[in-house]
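# Observations on the model geometry
Residue-level listing of the chains:
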Amino acid sequence: MRLLFNTAACLLFIGLVLGSCNKKTSTTLSPTAVDSLKSVFQDINSNLETTWDEMIQDDNDKLDNLRRILQEVEYSGNYNRLKLDSLKKDIDQLAEVRYDQQTMSDSELINIYDSMTNEVMGEVTVFTTQLEQFEQYPIMGQLLQEAFEADDRVLRYRIQYDRLAKEYNSFIETHEQDMKALARKSDLQPKPLFELQN
């Protein structure tokens, strides 16, 4: 995980500095406390964004691998053109309907994307592995494996993202009043999570 040890240390320091203050009550902070508060916020936010970017990169890699598999099928010269064209469109549609950091607040959108992803990956797998020439093109199998490995990494990144988002949400709630002077209002909104909320 990418959360740095010094971030935890800074959190402890700020907790000691502000421990006697009610979290909803604004207090005048010393310059040192202000700097520490800002540093911790930036670290959490940076780790959150890095995790998101890496997750999306893996998701993009997965889609790219699926497209490359179909390219290899075309190179092989013996396939169902209508089915291949249909799969190409399905892959492109995945990229269009994918959630972002705002729309992921709608859990149904995530479910739809995941369901479509599983269906497309399954269809590409069946379509490719049933080709007579599949064994003659080992790159097809390699790309399939890489696509599924990227998909697994996306799921692990979601867990990591949720952990950091919870830390972010807790931080801005705890330091709500003090953070108003240190960050834009748009940066102080709670982050939605992948996991379902009760």
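You'll find the structure just up there.
The present account deals with the structure reproduced in this document. Owing to the predicted nature of the structure, the values given are computational and were not obtained by experimental measurement.

Before going further, it helps to spend a moment on the overall build of the chain. For the chain, the helix and strand inventory stands at 6 helices and 0 strands. Each helix and strand of the chain, placed in order from N terminus to C terminus, yields the pattern α-α-α-α-α-α. Pairs at least 24 apart in sequence give 76% of the contacts found in the chain among residues at least 6 apart. If you sum the accessible surface of the chain, you get close to 11400 Å²; carbon and sulfur atoms cover 50% of it.

Our focus in this paragraph is the packing of aromatic side chains. Summed over all chains, the structure comprises 8 aromatic pairs. Members of the aromatic cluster, joined through ring pairs, are W52, Y99, Y113, Y161 and F194. Above the plane of the ring of Y168 lies K191, whose end atom (NZ or CZ) is 5.1 Å from the centre.

The next point concerns the side chain of T117. Within the fold, T117 resides in helix α4 (residues 107-129). The residues contacting T117, other than those within four sequence positions of it, are K62, L94 and D151.

This part takes up the packing of helix α3 (residues 81-97) against α4. Taken N-terminus to C-terminus, the directions of α3 and α4 make an angle of 155 degrees; their axes are 10 Å apart at the nearest point. Classed by the angle they form, the pair α3 and α4 counts as roughly antiparallel. Crossing angle aside, the handedness with which α3 passes α4 is left-handed. Between α3, through K83, L84, L87, D90, I91, Q93, L94 and V97, and α4, the contact on the second element is made entirely by L109, Y113, M116, T117, V120, E123, V124 and F127. Of the residues in the contact of α3 with α4, the class split is 11 nonpolar, 2 polar and 3 charged.

A few words now on helix α2 (residues 31-76). Here α2 is 46 residues long and its end C-alpha atoms lie 67 Å apart, about the 68 Å a rise of 1.5 Å per residue gives. Of the residues trailing α2, G77 is marked for its positive phi of about 85 degrees.

Another point: the environment of M104. Mapped onto the secondary structure, M104 falls in the loop between α3 and α4. A relative accessible area of 1% means that M104 is categorised as buried. Considered as a pair, M104 and F194 are 90 residues apart in the sequence and their alpha carbons are 7.2 Å apart. When near neighbours in sequence (up to four residues on either side) are disregarded, M104 contacts W52, Y99, I110, Y161, P192, L193 and F194.

About the criteria used
- For every chain, the first residue of its written sequence is number 1, and the numbers climb from 1 along that sequence.
- Given that the model is predicted, a residue must reach a pLDDT of at least 70 before its local features are reported, and side-chain atom pairs must reach 80 or more before they are shown or counted; all residues, however, enter totals for whole chains, interfaces and linings.
- The side-chain figures draw on all heavy atoms in the structure; neither hydrogens nor water molecules are used.
- Every helix listed is a DSSP run of H or I at least four residues long, and every strand listed is a run of E at least two residues long, numbered separately from the N terminus.
- Throughout, a contact is declared for two residues whenever any of their heavy atoms are within 4.5 Å.
- Working definition of accessibility: Shrake-Rupley area with a 1.4 Å probe, residue cover restricted to the visible protein chains.
- What counts as a ring pair is set by centres within 6.5 Å for rings of Phe, Tyr and Trp (its six-membered ring), and what kind of pair is set by the plane angle: stacked under 30 degrees, edge-to-face over 60, tilted for all other angles.
- Here, a charge over a ring means that NZ of Lys or CZ of Arg falls within 6 Å of the ring centre while also lying within 35 degrees of the ring normal.
- Lines fitted to C-alpha atoms define the axes here, with helix axes fitted over just the stretch in contact, and angles between the N-to-C directions of these axes take values from 0 to 180 degrees.
- Roughly parallel means an angle under 35 degrees; roughly antiparallel means over 145; roughly perpendicular covers 65 to 115; every other angle is labelled oblique.
- The hand of a helix crossing depends on one turn: near helix anticlockwise from the far one by less than a right angle means left-handed, and clockwise means right-handed.
- Polarity classes work like this: nonpolar for Ala, Val, Leu, Ile, Met, Phe, Trp, Tyr, Cys and Pro, charged for Asp, Glu, Lys and Arg, and polar for all others, with Gly in that last group.
- Under the convention used throughout, the expected extent of a helix is 1.5 Å for every residue step, that is, one less than its residue count.
- Residue exposure (1.4 Å probe, protein chains only): buried if accessible area is under 20% of the type maximum, exposed if over 50%, otherwise partly exposed.

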